[in-house]
Amino acid sequence: MISVRIRRIRSGRGIRSIAVFLAAVTVLLLGAAAPAAPAARVKCSKRAGPYQRQVERWLKLKADGKQSAADCRAVRAFQQKEKIKPAVGFAGPVTWARMMLKSAKKNPNAAKKCPVRTYRVACVDLDRQLTWVQKGEKVVFGPVPMRSGRAGHRTRTGWHTIYWRHKNHWSTIYRTSMPYAQFFSGGQAFHAVYGSIYTTVGSWGCVNLTLGDARKLWGVLKKNDHVYVWGRRPGS
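The structure presented is a predicted model; accordingly, all values stated were derived computationally and were not measured. (Residues numbered from 1 in each chain as written. Predicted model: local features only at pLDDT ≥ 70, side-chain atom pairs only at ≥ 80, totals over all residues. Heavy atoms only, no water.)

Re the overall build of the protein chain
Right, on to step 1. A count of helical and extended segments in the protein chain gives 5 helices and 9 strands.
Right, on to step 2. For the protein chain, the N- to C-terminal ordering of α and β elements is α-α-α-α-β-β-β-β-β-β-β-β-α-β.
Right, on to step 3. Across the protein chain, contacts joining residues at least 24 apart in sequence account for 55% of those joining residues at least 6 apart.
Right, on to step 4. Within the structure as shown, the protein chain displays about 14400 Å² of accessible surface, and the carbon and sulfur contribution to it stands at 56%. (Helix = DSSP H or I, 4+ residues; strand = E, 2+ residues; numbered from the N terminus. Contact = heavy atoms within 4.5 Å. Areas by Shrake-Rupley, 256 points an atom, 1.4 Å probe, with all protein chains shown as cover.)

Written as structure tokens, this is what we have:
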């Protein structure tokens, strides 16, 4: 214990000395601020992700479907550059979807898999899980990421037509909201979901979009517009 007795203060110098002494005692009693601990380094994932081969192929790594330390470093570097969190080197659906979008951004129809027509065509690429709208060779919407049908409920391929649009649709079958629904094949439609579209399990057949993308697509497509679907969702 530290005790301080002040009998008499005879000068300004004495006051200053006592003030300095008391400040020193305060620091001693309360303790100096400890330096901040360095941030813990995030460990690289040792697990192979559901899109391991696709991600390895995109990064021009050995596409063996097995996670290695080199694979993890390369995947994590991409995630950090693209601000994908957590950046742990795991080849998950968000990372794969970002790679597909980056590859398609300049010209989504470079492979000419979506037929070019003088009228609007909504292109649904199941292989890359991307959709866009083109009129002639001009892309008027997208490309944007999407989620198509799962195994047993695949989104039907081929030509279709937008036959019904319902902005605030409620599914009586699945008992869920389907905002900005645009039906093109039976009960299959473009529509928004409130949750994430980046899942390994697909939809029940519809083309799921983010709310923002579905809203924009609603303003682009009209009734009787054409839809062309091809490919196959990975894992379906």
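Here's the deal with helix H4 (residues 93-104)
Right, on to step 1. End to end, H4 covers 16 Å across 12 residues, agreeing with the expected 16 Å (1.5 Å per residue, within 8%).
Right, on to step 2. Taken together, the buried residues of H4 touch helix H2 (52-58), helix H3 (69-81), strand E2 (130-135) and strand E3 (138-145). (Expected span 1.5 Å × (residues − 1).)

Things to note about the packing of aromatic side chains
Right, on to step 1. Here the structure, examined in full by the defined rule, presents 9 aromatic pairs.
Right, on to step 2. Residues Trp164 and Phe183 carry aromatic rings whose centres are separated by 5.1 Å and whose planes lie at 20 degrees to one another, so their mutual orientation is stacked. With Trp164 in strand E5 (residues 164-171) and Phe183 in strand E6 (residues 176-185), the pair connects residues that are 19 residues apart, well separated along the chain.
Right, on to step 3. Given a relative accessible area of 38%, Trp164 falls into the partly exposed group.
Right, on to step 4. Residue Phe183 is classed as buried on the basis of its relative accessible area of 5%.
Right, on to step 5. A centroid spacing of 6.0 Å and a plane angle of 65 degrees characterise the contact between Tyr180 and Trp218, whose relative ring orientation is edge-to-face. Of this pair, Tyr180 sits in strand E6 while Trp218 sits in helix H5 (residues 211-220); the two residues are 38 residues apart in sequence, bridging distant segments of the chain.
Right, on to step 6. By relative accessible area, which is 13% here, Tyr180 ends up buried.
Right, on to step 7. For Trp218, a relative accessible area of 17% gives the class buried.
Right, on to step 8. Pairwise contacts between aromatic rings join Trp132, Trp159, Tyr228 and Trp230 into one cluster.
Right, on to step 9. The ring of Trp204 is capped by Arg150, whose NZ or CZ atom sits 3.9 Å from the centre of that ring. (Phe/Tyr/Trp six-rings, centres within 6.5 Å; stacked < 30°, edge-to-face > 60°. Buried < 20%, exposed > 50% of the residue type's maximum accessible area, 1.4 Å probe, protein only. Lys NZ or Arg CZ within 6 Å of the ring centre and 35° of its normal.)

Here's the deal with the state of the cysteines
Right, on to step 1. Going through the model one piece at a time under the given rule, you end up with 2 disulfides.
Right, on to step 2. Across the disulfide, Cys44 is cross-linked to Cys72 (sulfur-sulfur distance 1.9 Å). Residues Cys44 and Cys72 are joined by a disulfide whose S-S torsion is about -110 degrees; by sign, that bridge is left-handed. Here Cys44, found in the loop between helix H1 (12-30) and H2, pairs with Cys72, found in helix H3; they are 28 residues apart in sequence, far enough to count as distant.
Right, on to step 3. For Cys72, a relative accessible area of 1% translates into the label buried. (Disulfide = S-S within 2.5 Å.)

Some thoughts on the sheet that holds strand E8 (residues 207-209)
Two modes of strand pairing occur in sheets, parallel and antiparallel, and in both the strands are linked by backbone hydrogen bonds.
Right, on to step 1. In spatial order, the strands read E5-E6-E7-E8; together these 4 strands make up an open sheet with mixed pairing. Sheet topology places E5 and E8 at the edges, where each strand pairs with a single neighbour. For this sheet, the mean inter-axis angle between neighbouring strands, taken without regard to orientation, is 30 degrees.
Right, on to step 2. Relative to strand E7 (residues 188-192), E6 runs antiparallel, the two sharing 3 bridges. Each residue of the ladder has a partner; that of Phe183, found in E7, is Ala189.
Right, on to step 3. Packing against the sheet, H5 makes contact with E5, E6, E7 and E8, and its axis sits at approximately 45 degrees to E6. (Pairing = 2+ DSSP bridges. Axes fitted to C-alpha atoms, helices over the stretch in contact; angles between N-to-C directions.)

Focus: a positive patch on the surface
Right, on to step 1. On the surface, Arg53, Arg57, Lys62 and Lys66 cluster together into a patch of positive charge.
Right, on to step 2. Residue classification places Arg53 among the partly exposed positions, given a relative accessible area of 42%. (Patch = residues over 30% accessible without salt bridge, like charges linked within 9 Å, V, L, I, M, F, W, Y side chains within 5 Å. Salt bridge = Lys/Arg side-chain N within 4 Å of Asp/Glu carboxyl O. Lys, Arg positive; Asp, Glu negative; His and termini not counted. Charge placed at Lys NZ, Arg CZ, Asp CG, Glu CD.)

Observations concerning the pairing of E2
Right, on to step 1. Buried residues dominate E2, accounting for 5 of its 6 residues.
Right, on to step 2. Pairing geometry for strand E1 (residues 120-125) and E2, over 6 bridges, is antiparallel. Across the sheet, residue Arg120 finds its bridge partner in E2, namely Lys135.
Right, on to step 3. The antiparallel pairing of E1 with E2 creates a hairpin that spans 4 residues between the two strands, and Gln129 there sits at a positive phi of about 55 degrees.
Right, on to step 4. Where E2 folds back onto E3 in an antiparallel hairpin, the turn is made up of 2 residues, including Gly136, whose phi is positive at roughly 65 degrees.

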